[in-house]
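Here are the chains, one letter per residue:
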Amino acid sequence: MRIAMIGTGYVGLVSGTCFSEFGIPVTCVDKDARKIELLGENVMPIYEPGLDEMVAANVDSGRLSFTTELAPAVKGADAVFIAVGTPSRRGDGHADLSYVYAAAEEIADAMDGYTVVVTKSTVPVGTGDEVERIIRARRPDAEFDVVSNPEFLREGSAINDFMRPDRVVIGTESERARKVMKQLYRVLFLIETPIVFTSRRTSELIKYAGNTFLATKITFINEIADLCEKVGADVHDVAKGIGLDGRIGKKFLHPGPGYGGSCFPKDTLALVKTARDFDAPLKIIETVVAVNDARKQQMAARVVAACGGSAQGKTVAVLGLTFKPNTDDMRDSPAIDIVTALVKAGAVVKAFDPEGMEEARKLLPAGVQYCDNAYATMPGADCLVIITEWNEFRALDLDKVKSLLKAPILVDLRNVYAPDEMRDLGFAYTSIGRP
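A short tour of the structure in this document, coming up. Since this is a predicted model, take the numbers as computed values, not measurements.

## A word on unusual backbone geometry
Inference 1: Positive phi values are uncommon outside glycine, yet phenylalanine 252 reaches one of about 65 degrees.
Inference 2: Among the structural elements, phenylalanine 252 can be located in the loop between helix 11 (235–243) and helix 12 (264–277).
Inference 3: A positive phi angle is found at asparagine 326, which is not glycine, with a value near 65 degrees.
Inference 4: In this structure, asparagine 326 sits in the loop between strand 9 (315–319) and helix 14 (334–344).

What follows is the structure in structure tokens.
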């Protein structure tokens, strides 16, 4: 068996590397020559714990290689995975499928013998049909099947998610393609991983339905947190009380500044658009999107309120910029809206993130000052804000923090610290969903 992985972004690089770890020869293809050159030097384009070591080991073994040349990689491959980006399209929020369709055209021209073309990218319902049409139009006599195989990788734990997944979803009605996919995932069959075989359109919808449901849980607990503050309840106890119900589950019931990242924002928008196109509007998801957008501005308002009602001329120390810990991904991070709003309100922002500052410089206002460590943000600051709950922010020397700040004000948007402890230490402490 041989695999060609088209795209070396987050999904393509992790998936290709993990397939090679299964013992399958994989060639990863990308048009970005500089990225391919760096990968050849074992310089990762993303931060993902353990990825560089796994890439290096499989390159050394000869099972993993990188190239800018699509045709040689596709020729003779048993399966070709499309793992290119599908960002939100400007103007209407639909997924931009131009990269997927361009890849399909190039794959069609390069295929040699029976090939399973697998959409690994997150794509709306019906995309597989169009990929099949494109290939068939260019190669009427070709032997191929188009399969949907959505990814369920969490940034920061993607390798474990691929190697030990909750499930694998495969959308195909072709027995020939099913046999190929079973062989590719043979290692997971051996450890009895649930493999869900279904139709292609159903598989495409499973990915969107899963992500939008999780985004809904996050938004739900954030609104419950707001209610808790009004009535004097503790959102963490509420989350525990409902999360112990097996029908609900405890995951994704953590209050915060709203969801972000490469998946939830664009996938909720894309599903809303698809539902409208098919005249089956999803009112719940439409509300989730609106509430999440508004929440980021509300979090900035909390910081301004903690500063006495005005941020003009105030210095705000910000810890955490990425949308979650253990990644350098800044895409749609709540920090973007929060920091931008603070700068517009007249604040001087001094920020630190363990991995995200290079990306942050591209997305945050020009006046933001970037510091070398957490404590370097604090001298003379009027307020400290925790936006992303990196582990190193969970055990700050609070006496030192208090001595560095101009005023002992902490706005904790991830509820890292205990309110009673902070009050005892003399902090004016603001958290989420706790009295």
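## Side note on the pairing of strand 12 (residues 383–386)
Inference 1: Here strand 12 shows a buried face lined by Cys383 and Val385 and a second buried face lined by Leu384 and Ile386.
Inference 2: Here strand 9 runs beside strand 12; their pairing, made up of four bridges, is parallel. By the bridge assignment for strand 12, valine 316 is matched with cysteine 383.
Inference 3: Sheet topology note: the strand 12/strand 13 (residues 409–412) ladder contains three bridges and is parallel. Looking at the pairing, leucine 384 lines up with leucine 410 of strand 13.
Inference 4: Handedness of the strand 12-helix 16 (residues 398–404)-strand 13 crossover: right-handed.

## Section: the packing of helix 12 against helix 13 (residues 283–306)
Inference 1: Direction vectors running N to C along helix 12 and helix 13 enclose 145 degrees, while the axes themselves pass 10 Å from each other. Read as a crossing pair, helix 12 and helix 13 show a hand that is left-handed. From helix 12, Thr268, Leu269, Val272 and Arg276 reach across to helix 13, where they touch Ile285, Glu286 and Val289.
Inference 2: The class makeup of the residues in the contact of helix 12 with helix 13 is four nonpolar, one polar and two charged.

## Things to note about helix 3 (residues 51–61)
Inference 1: Every buried residue belonging to helix 3 is among Leu51, Met54, Val55 and Asn58, and all of these are buried. When helix 3 is viewed along its axis, its buried side chains cluster within an angular range of 100 degrees and face the same direction. Pointing more than 90 degrees away from the buried face of helix 3 are the exposed residues Glu53 and Asp60.
Inference 2: Elements in contact with the buried residues of helix 3: helix 1 (10–21), strand 3 (64–67) and helix 7 (158–163).
Inference 3: Backbone geometry just after helix 3 places glycine 62 at a positive phi near 90 degrees.

So, how was this worked out
Residues numbered from 1 in each chain as written. Predicted model: local features only at pLDDT ≥ 70, side-chain atom pairs only at ≥ 80, totals over all residues. Heavy atoms only, no water. Helix = DSSP H or I, 4+ residues; strand = E, 2+ residues; numbered from the N terminus. Buried < 20%, exposed > 50% of the residue type's maximum accessible area, 1.4 Å probe, protein only. Pairing = 2+ DSSP bridges. Right-handed = clockwise from strand over helix to strand, strands pointing away. Axes fitted to C-alpha atoms, helices over the stretch in contact; angles between N-to-C directions. Left-handed = near helix turned anticlockwise from the far one by under 90°. Contact = heavy atoms within 4.5 Å. Nonpolar A, V, L, I, M, F, W, Y, C, P; charged D, E, K, R; others polar. Arc of directions from axis to C-beta.

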